[in-house]
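Summary of the model geometry
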Amino acid sequence: MADYDYDVLVIGAGPGGYVAAIRAAQLGLKVACAEGRETLGGTCLNVGCIPSKALLHGSELYEEAAGGTLAKFGVKTGKVSLDLPVMQAEKALAVKELTGGIEFLFKKNKVTWLKGMAKFAGPHAVDVAGSAVTAKHIVIATGSSVTPLPGVAVDNDAGVVVDSTGALALGRVPQHLVVIGGGVIGLELGSVWRRLGAQVTVVEFLDQLLPGMDGEIRKEAAKIFKKQGMALRLSTKVTGVTVKGKTATLTLEPAAGGPAETINADAVLVAIGRRPHTDGLGLDVIGLAPNQRGQIETDHDFRTTVDGVWAIGDVIPGPMLAHKAEDEGIAVAENIAGLTGIVNHDVIPGVVYTAPEIAGVGLTEEGAKEAGHEIKVGKFPMMANSRAKTNREGDGLVKIIADAATDRVLGVWIIASLAGTMIAEAALAMEFGATSEDIAYTCHAHPTHSEAIKEAAMAVTGKPIHI
Ligand code: FAD
Ligand code: NAD
C-alpha cells in the first residue's frame, strides 16, 4: 500500500472542515487541515455567523435601551449613546476567542494545521503553499464566497458599496443603507444598522422576502420588518450602482420590466447569495468537474466521483448553513474511518437571527402540497402565549404542518423572539418521526415560549386551549 503523509487531509477549516478534522483525529487517524486564512473557523467564525451575531446582540441591546423597551419596564437609562468602536471591538474579541478556540482544539486532538492555500497536484497529492503533501483521503471543505452582482463593484475598504464582510466592519452608522437582496444576510445586517440608527431600504427581486421559507411566514416577516421601519421594495431589481465620493446612486427597475428610478444611499450592501468556492483548487488535475451551479456533487456518504476525494459543507449541494456543514464533517470522518456517518438532510433547521427570530425545519406548506401530501395545519400566535405576552414579545406565530393521514409532522415554522432556540425541539421531534399528537401530549414548562409549539400541535386537531 502506498505510504501517505496523512490518513486524512482536509482542505478548509470552516465548520465543515475543522469538525471533520477533529472527528477524524478522535477516531485515531493521522490528520492535517490546510487553511488559506490567517485564522481557523472559516467564513462562519471569521466573517459570518459569529461576527454577525455579535453585532445583532449589541445592536439589540442598544435598541432596547434607546428605543424604549427598557423604559417600558421602568428601567431608566437617561440619554443613551452609541460607541460603535467599542461594539466593533467586542465583536472582534468574540471572533478572536472562538477562532483561537479551534486552534486549541486542533492542538488537543493533534490535528496538524497546514497554513496556506491548497491545490491538487495529483491523486492523493496536494500542494500547500509550495509544500507537497499526500493523504489517503482528501476532504474538500472549501466553503463558499459572496456572489457578485454583475456591474456592481464592491469595495469594502472604501465602505460605500460593500458585501457582508464590509457590512460587518463599517466604522460609521450609515444615514441610508440600501440592501440589495432580501435574504438572510440582508435582513440580519439590515436589522443591525437600522437598530443603530440607519434608514434601511431592502430591494428584493422576488415578490417576497426570504426565499425558501414558508409563504405565510415570509408574509408575516415582511409585515414585522415594515413595522420596525425598514422600507421594502419587493419585485424590484437593481440594474446599476454608481459611486461619486461617499454617495452611491442605484438604478431600480420593476422586476417584470418598466420605468427605472434612482435612489441615493451612503452605503449599499450587496447580499444576493453565496456561491461554492473552488477557485484555484486545481479540480481539473484530478478530473473532478463541478456541476452547473459550481457545486461538487457527492453520494450519500460524501464521496465524490474521484477515489479518495470527499466533499462537505457549502461547496456541495444543500443549504449553506454552518450546522449542516458541521454534521457533514462528523459524518464524512466517520465514513472515512469505516463507520456509518449519516446526515438527515430532510431535518436541517434554519434560523434568521433578527428580532423576532424566524426559524423553520422540514417542509413548507407549499412544499408539502407539491410533494403530494394531504396536510393539516395548526397555528398559534405568540400574542396568546403568556410568557411572550408578558415580555411584550407578541409578534409572530408557530405553524405546524402535519400529514393528514398519519399526523406525522412534516414541517415547523416559527416567528418568535426565541424561535432559534425553540426550533431545536421541532427538529428533534421530526428526527424521531413525531406526530403532532406526540408534541401536543408532551408536557412543556410554563410559562415558556415553547408552550406555543405545544398549542400549535394541539391546533392541528383543532383543540388549542388558549385561543
Ligand atoms: P467555510 O466556512 O466557508 O470555510 C471554508 C474555508 O476554506 C475558508 O476558511 C477558506 O479560507 C478555506 N479555503 C477555501 N479554499 C481553500 C484552499 N484551496 N486551500 C485552503 N483553504 C481554503 N450559517 C449558519 O448556520 N448560521 C448563521 O448564523 C450564519 N450566519 C452567516 C452570516 C454571514 C454574514 C455569512 C456570510 C454566512 C453565515 N452563515 C451562517 C453561513 C455559514 O458561514 C456557512 O454555511 C459555513 O461557514 C459553511 O462552512 P464550510 O466549512 O462549508 O465553509
Ligand atoms: P439568500 O439566498 O438568502 O438571499 C439572497 C436574496 O437576494 C434572494 O432573496 C434573491 O431573490 C435576492 N436577489 C438575487 N439577485 C438579486 C438582485 N439582482 N436584485 C435584488 N435581489 C436579488 O442569500 P444571502 O442573504 O446572501 O445569504 C447567503 C447564504 O448565507 C445563505 O444561503 C444563507 O444560508 C447563509 N447565511 C445564513 C445565515 C443564518 O443561518 N442565519 C445568516 C447569513 C447567511
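This write-up is about the structure you can find in this document. (Residues numbered from 1 in each chain as written. Chains lettered and ligands numbered in written order. Predicted model: local features only at pLDDT ≥ 70, side-chain atom pairs only at ≥ 80, totals over all residues. Heavy atoms only, no water.)

Quick word on the site of ligand 1
- Within the structure, ligand 1 sits among 39 residues, and Glu-35, Thr-43, Lys-53, Ala-118 and Ala-322 are positioned closest to it.
- Within the side chain of Thr-43, one N or O atom sits 2.6 Å away from an oxygen atom of ligand 1.
- Contact distances for ligand 1 include 3.2 Å between an oxygen atom and a backbone N or O atom of Met-320.
- Computed on the free molecule, ligand 1 has an accessible area of 1,000 Å², of which 94% lies beneath the protein chains in the complex.
- Of all elements in the fold, only α1 (15-26), β2 (31-35), α2 (42-47), α3 (49-67) and α9 (322-336) reach the threshold of two or more residues within the shell around ligand 1.
- Per element, the largest residue contribution to the shell around ligand 1 is four residues, and it comes from α2.
- For the shell around ligand 1, a count of residues per class yields 17 nonpolar, 17 polar and five charged. (Near = heavy atom within 4 Å. Polar contact = N/O pair within 3.5 Å; in protein donor to acceptor, adjacent residues only side chain to side chain. Areas by Shrake-Rupley, 256 points an atom, 1.4 Å probe, with all protein chains shown as cover. Helix = DSSP H or I, 4+ residues; strand = E, 2+ residues; numbered from the N terminus. Nonpolar A, V, L, I, M, F, W, Y, C, P; charged D, E, K, R; others polar.)

Examining the site of ligand 2
- Around ligand 2 lies a shell of 22 residues, among which Ile-185, Glu-188, Glu-204, Gly-273 and Val-351 are the nearest.
- Within the contact set of ligand 2, an oxygen atom lies 3.2 Å away from a backbone nitrogen or oxygen of Val-184.
- Contact between ligand 2 and Glu-204: an oxygen atom at 2.6 Å from a side-chain N or O atom of the residue.
- Summarising the interface, the protein chains cover 79% of the accessible area of ligand 2, which totals 850 Å² for the free molecule.
- Take the shell around ligand 2: its biggest share by element is three residues, from helix α7 (residues 184-195).
- Of the residues assigned to the shell around ligand 2, the class counts are 14 nonpolar, four polar and four charged.
- Shared between two domains, the shell around ligand 2 holds at least three residues of each, these being domain 1 (6-146 + 275-336) and domain 2 (161-272). (Domains from an automatic or database assignment.)

Things to note about the packing of α1 against helix α5 (residues 84-108)
- One can describe the packing of α1 onto α5 by two numbers: an axis separation of 10 Å at closest approach and a directional angle of 25°. On the basis of their axis angle, the class for α1 and α5 is roughly parallel. The element α1 and its partner α5 pack so that their crossing is left-handed. Here Tyr-18, Ala-21 and Ile-22 of α1 come into contact with α5, specifically with Ile-102, Leu-105 and Phe-106.
- The class makeup of the residues in the contact of α1 with α5 is six nonpolar, no polar and no charged. (Axes fitted to C-alpha atoms, helices over the stretch in contact; angles between N-to-C directions. Parallel < 35°, antiparallel > 145°, perpendicular 65-115°, else oblique. Left-handed = near helix turned anticlockwise from the far one by under 90°. Contact = heavy atoms within 4.5 Å.)

Structural notes on the packing of aromatic side chains
- Evaluation of the coordinates by the stated rule reveals zero aromatic pairs.
- Positioned above the aromatic ring of Tyr-6 is the side chain of Lys-30, whose terminal nitrogen or guanidinium carbon lies 5.2 Å from the ring centre. (Phe/Tyr/Trp six-rings, centres within 6.5 Å; stacked < 30°, edge-to-face > 60°. Lys NZ or Arg CZ within 6 Å of the ring centre and 35° of its normal.)

So, unusual backbone geometry
- Following Ala-355, the chain continues into Pro-356 via a peptide bond in cis, with omega recorded as 0°.
- Mapped onto the elements, Pro-356 comes out in the loop between β18 (350-352) and β19 (357-362).
- In this model, His-446 is joined to Pro-447 through a cis peptide bond whose omega is -5°.
- Its location among the elements puts Pro-447 in the loop between α13 (436-440) and α14 (451-460).
- A positive phi is found at Leu-210, a non-glycine position, where the angle reads about 50°.

Comments concerning the environment of Thr-354
- Locating Thr-354 in the fold gives a position in the loop between β18 and β19.
- Looking at Thr-354, the relative accessible area reads 2%, which means it is buried.
- Considering only alpha carbons, one finds Thr-354 and Leu-189, 165 residues apart in sequence, at a separation of 8.8 Å.
- Discounting residues that sit within four places of it in the chain, Thr-354 has contacts with Leu-187, Glu-188, Ser-191, Arg-195 and Phe-225.
- At 2.8 Å, the side chain of Thr-354 forms a polar contact with the backbone oxygen of Pro-356. (Buried < 20%, exposed > 50% of the residue type's maximum accessible area, 1.4 Å probe, protein only.)

Quick look at the pattern of salt bridges
- Scanning the entire structure with this criterion turns up 18 salt bridges.
- A salt bridge links Arg-23 to Glu-334; its shortest N-O distance comes to 2.9 Å. Of the two residues, Arg-23 sits in helix α1 while Glu-334 sits in helix α9, which places them 311 residues apart along the sequence.
- Ionic pairing is found between Lys-223 and Glu-220, a salt bridge with its closest N-O pair at 3.5 Å. Note that Lys-223 and Glu-220 are positioned in helix α8 (residues 215-227) at a spacing of three residues, about one turn of the helix.
- According to the relative accessible area criterion, Lys-223 is exposed, its value standing at 55%.
- Assessed through its relative accessible area of 24%, Glu-220 is described here as partly exposed.
- Each of the salt bridges in this network shares a partner with another, and the network as a whole consists of Asp-214, Glu-216, Glu-365, Lys-369, Lys-379 and Lys-399. (Salt bridge = Lys/Arg side-chain N within 4 Å of Asp/Glu carboxyl O.)

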